[in-house]
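In case you want the letters, here they are:
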Amino acid sequence: MKKVIVLGSINMDLVTETKRFPLEGETVIGENFFTNSGGKGANQAVASAKQGAKTVMLGAVGNDLYGKESLQNLQNYGVETKALKIKEGQTGVAVIILHRGDNRIIVNAGANKKYTTQEAMTDLAKISNKGDILVLQLEMSLDVITHIIPFAKKRGLFIIFNPAPMSMDLDTKVLHDVDLLIVNEIEAKMLASNNSATKVALINKLQKLGAENVIITLGAEGGTYTYEHEVHRYQAYKTVAKDTTGAGDAFVGTIAASLTRGESLPEAIVRASYVSGITVSRLGAQQAIPTKEEIDSLLNK
Ligand code: RIB
């Protein structure tokens, strides 16, 4: 059976709500502080596992308490963690300020940036089979990402790339080996070096740069995607937004999980929209992602 391999970041999220975002130089009072497991890669892996796919995580945590907790949480959610590296020093940490469902995030990469290209290649060669789906983001060292994409392509993996948070240093040559590019509108504009293009023009440019298929996510507006050489629209699953953290990651992980089961891209997108909509309606990242059973019962209504 095909599996999902997520090579990416693992963070501990330190979250506080506020009545408003602080201005420059200002201190505001926070409310309802909590910690919970996050990181774009780990969130995507948890979404994939919660949506029923065999899921393996590659990357690194630090040898601190957050590292132990992050590993334990991934395992509790059913993600295979045997290949994860434990590095001397801190686990990745994200400081998140929440206000009326919107957020501001600062990420300290910690151990994520210590995971090397050589480790990534060795790990991937050991655990991957032709046809497996590899999911990548950009909270790792750019060197890992730019080398692992062509390496994985040669091994016959299907590559889903979610270049978030976008880096201007990313060489767009990597898009040649990307089977499915998932970006929000800002990332799409940055990659296409065009701030004013329409969605269709952005998709054309991203495909010219080499991406086989593209999804541009538009939050509550749904999104635009390519399928069988045509551009389509999809609707978001509407909920009341409590916390948008990890909703994009939940979308990406669900797409990967659905594709391993042989679902078509449009089918995968419907499920992923439900998953991200529900994630937004709950607090936190991994803890907010719904299970396959929850989504199945909504889809069968
Ligand atoms: O995409 C959301 C994630 O971004 C958070 O969980 C945080 O860890 C940051 O990496």
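This text goes with the structure placed above it.
Heads up: these notes are all about the structure in this document. This is a predicted model, so every value here is computed, not measured.

Looking now at the overall build of the protein chain. Scanning the protein chain from terminus to terminus reveals 9 helices and 14 strands. For 301 residues, the compact-globule estimate of 2.2 N^0.38 gives 19 Å, and the C-alpha radius of gyration of the protein chain, at 18 Å, lies within 12% of that figure. Overall size of the protein chain, expressed as C-alpha extent along the three principal axes, is 50 × 40 × 40 Å. Counting only residues that meet the buried cut, the protein chain has 53% of its 301 residues in that class. The long-range fraction of contacts in the protein chain, counting pairs at least 24 apart against all pairs at least 6 apart in sequence, stands at 67%.

Here the focus is the pairing of strand β10 (residues 158-161). As paired strands, strand β9 (residues 133-136) and β10 are joined by 4 bridges and run parallel to one another. Looking at the pairing, Ile133 lines up with Phe158 of β10. As for the winding sense of the linkage, the β-α-β connection from β9 through helix α4 (residues 142-154) to β10 is right-handed. Where β10 meets strand β11 (residues 180-184), 2 bridges bridge the pair, whose relative direction is parallel.

Contacts to the ligand come from 13 residues, most closely from Asp13, Gly39, Lys40, Glu139 and Asp249. One of the side-chain nitrogen or oxygen atoms of Asp13 is found 2.6 Å away from an oxygen atom of the ligand. Asp249 places a side-chain nitrogen or oxygen 2.7 Å from an oxygen atom of the ligand. Computed on the free molecule, the ligand has an accessible area of 280 Å², of which 95% lies beneath the protein chains in the complex.

This paragraph deals with the pattern of salt bridges. This model, assessed by the stated rule, comprises 14 salt bridges. Here Lys85 and Asp123 are joined by a salt bridge, their closest N and O atoms 2.9 Å apart. Separated by 38 residues along the polypeptide, Lys85 in strand β6 (residues 85-87) and Asp123 in helix α3 (residues 117-127) bring together distant segments of the chain. Residue class for Asp123 comes out buried when judged on its relative accessible area of 5%. One network of salt bridges, in which partners are shared, links Glu185, Lys189 and Lys199.

For the rest of this paragraph, the subject is helix α2 (residues 65-76). Working note: α-helix, 3.6 residues per turn, so residues spaced by three or four point in the same direction. An ideal rise of 1.5 Å per residue puts 16 Å on 12 residues; α2 measures up with 16 Å between its terminal C-alpha atoms. All buried positions along α2 are accounted for by Gly67, Ser70, Leu71 and Leu74. Projected onto a plane normal to the axis of α2, the buried residues spread over an arc of 95° and lie on a single side. Every exposed residue of α2 that faces more than 90 degrees away from the buried side is listed here: Leu65, Lys68 and Asn76. Considering only its buried residues, α2 is in contact with β2 (11-18), β3 (30-38), α1 (40-50), β4 (55-58), β5 (60-62) and β6. Two residues or fewer past α2, Gly78 is found with a positive phi of approximately 95°.

In this section: the sheet that holds strand β14 (residues 230-234). Pairing is mixed across the open sheet formed by 8 strands, whose spatial order is β4-β1-β9-β10-β11-β12-β13-β14. Single-partner strands in this sheet number two, and they are β4 and β14. Within this sheet the neighbouring strands show an average axis-to-axis angle of 20°, counted without direction. Here strand β1 (residues 4-7) pairs with β9 via 4 bridges, running parallel. What sits directly across from Val4, in β9, is Ile133. Contacts between α1 and the sheet are confined to β1, β4 and β9, with β4 contributing the most and set at about 170° to the helix.

Here we come to the environment of Leu134. You can see Leu134 is positioned in strand β9. Between the C-alpha atom of Leu134 and that of Ile5, which follows or precedes it by 129 residues, the distance is 4.8 Å. Once you skip the residues sitting within four places of it in the chain, Leu134 turns out to touch Ile5, Leu7, Leu124, Ala152, Leu157, Phe158, Ile159 and Ile160.

Basis of the calculations
Residues numbered from 1 in each chain as written. Predicted model: local features only at pLDDT ≥ 70, side-chain atom pairs only at ≥ 80, totals over all residues. Heavy atoms only, no water. Helix = DSSP H or I, 4+ residues; strand = E, 2+ residues; numbered from the N terminus. Rg over C-alpha atoms; globule rule 2.2 N^0.38 Å. Buried < 20%, exposed > 50% of the residue type's maximum accessible area, 1.4 Å probe, protein only. Contact = heavy atoms within 4.5 Å. Pairing = 2+ DSSP bridges. Right-handed = clockwise from strand over helix to strand, strands pointing away. Near = heavy atom within 4 Å. Polar contact = N/O pair within 3.5 Å; in protein donor to acceptor, adjacent residues only side chain to side chain. Areas by Shrake-Rupley, 256 points an atom, 1.4 Å probe, with all protein chains shown as cover. Salt bridge = Lys/Arg side-chain N within 4 Å of Asp/Glu carboxyl O. Expected span 1.5 Å × (residues − 1). Arc of directions from axis to C-beta. Axes fitted to C-alpha atoms, helices over the stretch in contact; angles between N-to-C directions.

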